[in-house]
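Chains, contacts and geometry: an overview
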Amino acid sequence: MNKILLIIKREYLSRVKKKSFLIMTFLTPLIIAGFYGLIIYFSIKGINDKTDKVAVINENKTLTEKLASNKNVTYEYVDKSFENLKKNLNKSDYDYILYLPDFNIDKPEGIELIGTKQAGLTLDGRISDSIEDLIRDYKLKKSGISQTDLDNLKSKVSILTKKIGNTGKEENSSAGASTIIAFVAGVLMFMFIMLYGVQVMRGVIEEKTSRIIEIMISSVKPFQLMMGKIIGIAMVGLTQFLLWIILTFSISALAVSIFVSKEDAKKIVASSSQVTGTNPGTQQFQAAARSDSPFGNVQKSLENLDLGKIIAVFVFYFLGGYLFYSALYAAIGSAVDSETETQQFMMPVMMPLLLGYALSLSVVTNDPYGNVAFWLSMIPFTAPIAMVVRLPYGVPGWELALSMAILIIGFIGTVWFAARIYRVGILMYGKKASFKEMVKWFWYKG
Amino acid sequence: MLSVRNIVKQYAGHRALDDVSLEVEQGKIFGLLGPNGAGKTSLIRIITQITAPDSGEVIFNGQKLNSNHINQIGYLPEERGLYKKMEIGEQVLYLAKLKGLSTAEATKRIKYWFDKLNIGSWWNKKVEDLSKGMQQKVQFLATIIHNPELIILDEPFSGFDPVNADLIKNEILELNAKGTTFIFSTHRMESVEELCDNIALIDKSKKILDGAVVDIKASYRNNTYRIEFNGDDNFDNSNLFDVLEKSDVKDGKCIKFKLKGNYTANDALAYMISKVNINHFAEVIPSMNDIFIEHVKR
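Residues numbered from 1 in each chain as written. Chains lettered and ligands numbered in written order. Predicted model: local features only at pLDDT ≥ 70, side-chain atom pairs only at ≥ 80, totals over all residues. Heavy atoms only, no water.

Naming follows an unreviewed UniProt entry, where chain B appears as ABC transporter ATP-binding protein of Pedobacter rhodius.

Labelled according to an unreviewed UniProt entry, chain A appears under the name ABC transporter permease, originating from Pedobacter rhodius. Taken verbatim from the UniProt record of chain A, the Subcellular location (unreviewed entry) comment is "Cell membrane". (UniProt positions renumbered as here; feature names shortened; annotations may be inferred.)

What follows is the structure, given as structure tokens:
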């Protein structure tokens, strides 16, 4: 046991002291904080600051109602000839010319948008939306609907999703917030398992190619060496995760206090308090509907998600999933002489992880309580990712417990399996290993 | 002190060791010889408990070999290396602690040995900055740092220049004088003759020869002598011996001859003294190299 501790210590310290570890640890939260800052920034300012000025030449006899300007596009109706305006566009202060010919109202064709620069998809979409609205309004009015009715039809809807928690209490939630958390957790889990699993494999290959392995195993049992390495690297992963959380929160807090002005901060608080309200129920719903800041909504829902529980479960599944996969990576590392030979063995190990990743971020986020989600979070190959993705949506306690139990049995199984291959593989030099060979090693005695 | 009894080790498709038995005596240097692929490394891996035999047993100091013995054995493998990115001092300390030494004790011993092997200033150097020969020194040190009772060296001199090979050889002899037992696996027969008390020769998974080096060599004596002399006689028609070989040397002639019947070396010498001036007279004893080649070729 003492020997395993020594090995864990070396594996841990030799990695934590590396420059690349320090750089990764400090740079990643900066990047995350940067993204977070951008989201805040845009939720305040709006993504497009610039207003495009569009000259409208309307030759259409039916469409007499004018396009309404909004904060992104200003429409100005001009009474000039299209050709003339085109020639002088560079000198004028218009960004674009919108030409509406005398088209059939049921078949709008021949509309042109000409600018000094190519109009982007967003602008294109905005303008065609405006024209479509205009045509629809025209048609609706023609069929006898009054202007007041028409105005009443227009409403802006933001849905405040809620769920009844385990305690029977209504909880504020937002599909958006859950999805964001689910994505982040899923991607992080995938990254962590991959990154640290491969580190185990590299470590084993390094010991094999540098031939220290022979010296080591005359002092310790191969199983001790393998477990020491796996546990040591797991602790590196946990250290990094912990530092990321601490650093991300502190850098974000710092950045907010420096870069976000007081007025903006008030705006954020106002928008989120608007959503919060004091009375649950309809009042809140109306408040939410009035609020046009999705940021406040997400922010509030984030507070309602049990982040502590999510982090604890994440750590469990990281450890479980990592142990499950890293043992397999250790077995691969022991069977080869260099990293270039690992390809053929990596595939079968990577596939279930990739599959779990892809399905979790598509099927599971769409239907977090469905059959696919359930089974993915039970099978130990995919459970680590699938379960942390499901978690923000809420998972029944017994499912969580069952999935954890299966994962524990799973990693004990892979560790045992991998150890039998590892103890033979590390002593095989220069032989090209195959799956057949590895099965043979598995059955070796002693 | 170490008794290997009827060891059999089977790998898929081939038998690495076939009923091998040998005895290593306390305080001796034991040579384990054999061509490549004979099974030496397999045997060493069983003694160091890296692998287990299919049948047979190993007795260490009267006890069946078990994990308590790991710290009493030092092993320098032929395929050896170190962690490239680790500092030398830290590395030897790590290996010593894995052999059960405390940090304080290990540090003390490492300092002592670093000075003794003239590598006192290397503590903070990284392995990747050292030459191969320098790395060998560190590996040798890591093998003996925990004062094991039995030290197993697999090709210990490969990669050393003559000066450092000599340094290591003297350390081996010094440790041996203090009572440490050695098993010494090598192809270099001159170092076998120089160092080993006993040997075992393994070929094609079987032990084909063992015993004390002196005895083995004695049994290969075949009454052949070599003489250098000045004089006219060619000894072509002597009835004491047959001349096997004639040659010219720097200041005279040289012949190799084999005694006939029951004649002794003294008889031959007495006869020759009467005819020529003798400069040099010696028995021709086959070297371990010759014995090795003869056995393996058979």
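Once you've had a look at it, read on.
As a further point, take the overall build of chain A. In terms of regular secondary structure, chain A is built from 17 helices and six strands. By the burial criterion, 46% of the 446 residues in chain A qualify as buried. (Helix = DSSP H or I, 4+ residues; strand = E, 2+ residues; numbered from the N terminus. Buried < 20%, exposed > 50% of the residue type's maximum accessible area, 1.4 Å probe, protein only.)

This next bit is on the domain arrangement of chain A. Think of interface size as the accessible area that goes away when the parts come together; that is how it is often given. The domain boundaries assigned to chain A delineate domain 1 (52–153) and domain 2 (177–238 + 294–443). Computed over C-alpha atoms, the centres of domain 1 of chain A and domain 2 of chain A are 56 Å apart. (Domains from an automatic or database assignment.)

Scored by pLDDT, chain B has a mean of 88; 100% of the residues are at 70 or more. The complex prediction reports pTM at 0.74, with the ipTM value standing at 0.81. (pLDDT = per-residue confidence, 0-100.)

This part covers the UniProt feature "domain: ABC transporter" (unreviewed entry) in chain B. UniProt records the feature "domain: ABC transporter" (unreviewed entry) for residues 2–229 of chain B in the present numbering. Helix makes up 33% of residues 2–229 of chain B and strand 29%, with an end-to-end C-alpha separation of 49 Å.

Take the sheet that holds strand S6 (residues 73–76) of chain B next. Residues and elements named next belong to chain B. The sheet built from six strands is open, its strands ordered S6-S7-S8-S3-S9-S10 with mixed pairing. Of all the strands in the sheet, the pair left with one neighbour each is S6 and strand S10 (206–212). Adjacent strand axes in the sheet meet at a mean angle of 15°, parallel and antiparallel pairs treated alike. As paired strands, strand S3 (residues 29–33) and strand S8 (residues 181–185) are joined by four bridges and run parallel to one another. By the bridge assignment for S8, Phe30 is matched with Ile183. Sheet strands in contact with helix H1 (residues 40–47) are S3, S6, strand S7 (150–154), S8 and strand S9 (198–203), and its direction is about 155° off that of S7. (Pairing = 2+ DSSP bridges. Axes fitted to C-alpha atoms, helices over the stretch in contact; angles between N-to-C directions. Contact = heavy atoms within 4.5 Å.)

Our focus in this paragraph is unusual backbone geometry. Residue and element names in this part refer to chain B. Even without a glycine there, the phi angle at Asn6 is positive, about 50°. On the secondary structure map, Asn6 appears in strand S1 (residues 2–11). Under the relative-accessibility criterion, Asn6 is labelled partly exposed at 41%. Notably, Asn61 is not glycine yet its phi reads approximately 50°, a positive angle. With respect to the element layout, Asn61 can be found in the loop between strand S4 (55–60) and strand S5 (63–64).

Now for the pattern of salt bridges. The full count for this structure, using the stated rule, is 32 salt bridges over all chains. Where Glu214 of chain A meets Arg45 of chain B, a salt bridge forms, and the shortest distance between an N and an O atom there is 2.5 Å. Pair noted here: Glu214 of chain A is in helix H7 (residues 212–217) and Arg45 of chain B is in helix H1, and the two residues belong to different chains. Of the two residues, Glu214 of chain A and Arg45 of chain B, neither departs from the other in class, the shared state being buried. Linking Lys256 of chain B and Glu245 of chain B is a salt bridge whose minimum nitrogen-to-oxygen distance equals 3.8 Å. (Salt bridge = Lys/Arg side-chain N within 4 Å of Asp/Glu carboxyl O.)

Bringing the packing of helix H16 (residues 397–425) of chain A against helix H17 (residues 435–443) of chain A into the picture now. All names here are of chain A. Contact pair H16 / H17: the axes reach a minimum separation of 8 Å and the direction vectors enclose 100°. The angle between the axes of H16 and H17 places the two elements in the roughly perpendicular class. The residues of H17 that touch H16, namely those facing Trp416, Phe417, Arg420, Ile421, Arg423, Val424 and Gly425, are Met438, Trp441, Phe442 and Trp443. Split by residue class, the contact of H16 with H17 holds eight nonpolar, one polar and two charged. (Parallel < 35°, antiparallel > 145°, perpendicular 65-115°, else oblique. Nonpolar A, V, L, I, M, F, W, Y, C, P; charged D, E, K, R; others polar.)

So, on to a nonpolar patch on the surface. Taken together, the side chains of Ile23, Leu27, Leu30, Ile31, Phe35 and Leu38 of chain A define a hydrophobic patch exposed on the protein surface, amounting to about 590 Å² of accessible area. Secondary-structure assignment places Phe35 of chain A in helix H2 (residues 19–45). (Patch = residues over 30% accessible without salt bridge, like charges linked within 9 Å, V, L, I, M, F, W, Y side chains within 5 Å. Areas by Shrake-Rupley, 256 points an atom, 1.4 Å probe, with all protein chains shown as cover.)

The next point concerns the packing of aromatic side chains. Residues and elements named next belong to chain A. Per the stated rule, a full pass over the model turns up 29 aromatic pairs over all chains. Look at Phe241 and Phe314: their rings are 4.9 Å apart centre to centre, the planes differ by 20°, and that puts the pair in the stacked class. Pair noted here: Phe241 is in helix H8 (residues 222–259) and Phe314 is in helix H12 (residues 307–335), with a separation of 73 residues, a long-range link. A residue is classified by how much of its surface remains accessible, and Phe241, at 9% relative accessible area, is buried. An aromatic cluster is built from Phe192, Tyr196, Phe241, Trp244, Phe314, Phe318 and Tyr322, whose rings are joined through pairwise contacts. Positioned over the ring face of Phe442 is Arg420, at 5.3 Å from the centre of the ring. (Phe/Tyr/Trp six-rings, centres within 6.5 Å; stacked < 30°, edge-to-face > 60°. Lys NZ or Arg CZ within 6 Å of the ring centre and 35° of its normal.)

Sheet strands pair via backbone hydrogen bonds, and the direction of the pair is either parallel or antiparallel. All names here are of chain B. Within the open sheet, the four strands sit side by side as S12-S13-S11-S14. Their pairing is antiparallel. Of all strands in the sheet, those with a lone pairing partner are strand S12 (241–249) and strand S14 (277–283), marking the two edges. Strand after strand, the sheet turns through a mean of 20° between neighbouring axes, direction not considered. Here eight bridges tie S12 to strand S13 (residues 252–259), and the two strands are oriented antiparallel to one another. Bridge pairing in S13 links Lys246 to Ile255.

Pairing geometry for S1 of chain B and strand S2 (residues 14–24) of chain B, over seven bridges, is antiparallel. Note that in S2 of chain B the partner of Lys9 of chain B across the bridge is Leu17 of chain B.

We now examine the UniProt feature "transmembrane region" (unreviewed entry) in chain A. Residue and element names in this part refer to chain A. Mapped onto this numbering, the UniProt entry annotates "transmembrane region" (unreviewed entry) at residues 21–44, 180–200, 212–235, 241–260, 310–332, 344–365, 372–394 and 400–422. Here residues 212–235 is 83% helix and 0% strand, with 23 Å between the C-alpha atoms at its ends. Between the C-alpha atoms that bound residues 400–422 there is a distance of 32 Å. The span itself is 100% helix and 0% strand.

Taken together, the contact between chain A and chain B spans 26 residues of the former and 28 residues of the latter. Interface area lost by chain A to chain B is led by Arg10, Glu214 and Ile215 of chain A, which between them contribute 23%. Remark: the boundary between chain A and chain B carries three salt bridges. For Lys17 of chain A, the salt bridge goes to Glu90 of chain B, with nearest N and O atoms at 3.9 Å. At the junction of chain A with chain B, the criterion picks out seven residue pairs in polar contact (both at pLDDT 80 or more). Within the residue set of the side of chain A that touches chain B, elements represented by two or more residues are helix H1 (2–16), helix H6 (175–209) and H7 of chain A. With six residues, H1 of chain A is the largest single contributor of residues to the side of chain A that touches chain B. Partitioned by chemical class, the residues of the side of chain A that touches chain B number 10 nonpolar, four polar and 12 charged. (Buried area = accessible area lost by both parts, 1.4 Å probe. Polar contact = N/O pair within 3.5 Å; in protein donor to acceptor, adjacent residues only side chain to side chain.)

For Gln136 of chain B, the location among the structural elements is in helix H4 (residues 132–144). With a relative accessible area of 5%, Gln136 of chain B lands in the buried category.

We now examine the pairing of strand S11 (residues 224–230) of chain B. Residue and element names in this part refer to chain B. Taking burial as the measure, the seven residues of S11 include five buried ones, the bulk of the element. As defined by bridge partners, S11 adjoins S13 across six bridges and the pair is classed as antiparallel. Note on S13: the bridge partner recorded for Thr224 is Lys258. Looking at chain direction, S11 and S14 are connected through six bridges and run antiparallel. Paired with Asn230 across the two strands is Asn277, which belongs to S14.

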